[in-house]
Amino acid sequence: RFEERFDELLGQGERKLLFDLSDVESIDSTGIEVVASCFAKATRAGGELRVACVPDKVHRVFKILRLDTILPLYPTLAAASEAFTVTGDPDS
């Protein structure tokens, strides 16, 4: 499962995590719950989760639920990766 793999990465010490949603055509309540849960887990673990390449249809759902005010959303993978460098640990 997706969340199990996410938990494994956190358990291995990964703290900079990136979701690429470019292939996601739509999102339901289960998908929203997974994204929100992973964001909360990353934050509690002292990590960061970035969400990139969010299609318009999915972005509208995030906006309606006001998740766009909580989740760091980026138009490209490069922009999301750069944000880790700018806001993350200077030693990484």
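Residues numbered from 1 in each chain as written. Predicted model: local features only at pLDDT ≥ 70, side-chain atom pairs only at ≥ 80, totals over all residues. Heavy atoms only, no water.

This part takes up the packing of aromatic side chains. For the structure shown, the criterion picks out two aromatic pairs. When the ring of phenylalanine 2 is compared with that of phenylalanine 19, the centres are 5.2 Å apart and the planes differ by 65°; the resulting orientation is edge-to-face. With phenylalanine 2 in helix α1 (residues 2-11) and phenylalanine 19 in strand β1 (residues 16-20), this pair connects stretches of sequence that are 17 residues apart. With centroids separated by 5.7 Å and ring planes inclined at 70°, the aromatic side chains of phenylalanine 6 and phenylalanine 19 adopt a geometry described as edge-to-face. Pair noted here: phenylalanine 6 is in helix α1 and phenylalanine 19 is in strand β1, with a separation of 13 residues, a long-range link. Phenylalanine 19 gets classed as buried once you look at its relative accessible area, which sits at 8%. (Phe/Tyr/Trp six-rings, centres within 6.5 Å; stacked < 30°, edge-to-face > 60°. Helix = DSSP H or I, 4+ residues; strand = E, 2+ residues; numbered from the N terminus. Buried < 20%, exposed > 50% of the residue type's maximum accessible area, 1.4 Å probe, protein only.)

Looking now at the sheet that holds strand β2 (residues 48-52). The three strands are arranged β1-β2-β3 in an open sheet whose pairing can be described as parallel. Looking at which strands have only one partner, the edges of the open sheet turn out to be β1 and β3 (73-74). Of the pairings in the sheet, the one linking β1 to β2 comprises five bridges and is parallel in character. Of the residues in β2, the one forming a bridge with leucine 18 is arginine 50. Across the sheet, α1 is in contact with β1 and β2; its angle to β1 comes to roughly 155°. Across the sheet, helix α2 (residues 29-44) lies against β1 and β2, angled at about 145° from β2, the strand it touches most. (Pairing = 2+ DSSP bridges. Contact = heavy atoms within 4.5 Å. Axes fitted to C-alpha atoms, helices over the stretch in contact; angles between N-to-C directions.)

To continue, consider α1. Within α1, burial applies to Glu3, Phe6 and Leu10. Looking straight down α1, one finds its buried side chains confined to an arc of 55°; they lie on one side. Along its buried surface, α1 packs onto β1, α2 and β2. One or two steps after α1, the chain reaches glycine 13, where phi turns positive at roughly 95°. (Arc of directions from axis to C-beta.)

Here the focus is the state of the cysteines. All chains considered together, the criterion is met by zero disulfides. Distance from the sulfur of cysteine 38, which forms no disulfide, to the nearest cysteine sulfur (cysteine 53) is 17 Å. Residue classification places cysteine 38 among the buried residues on the basis of a relative accessible area of 0%. (Disulfide = S-S within 2.5 Å.)

What follows is about the pattern of salt bridges. Considering all chains together, one arrives at five salt bridges under this definition. One salt bridge in this structure joins glutamate 3 and arginine 1, with 3.2 Å as the shortest N-O distance. Relative accessible area serves as the criterion here: at 17%, glutamate 3 is assigned to the buried category. Residue classification places arginine 1 among the exposed residues on the basis of a relative accessible area of 67%. (Salt bridge = Lys/Arg side-chain N within 4 Å of Asp/Glu carboxyl O.)

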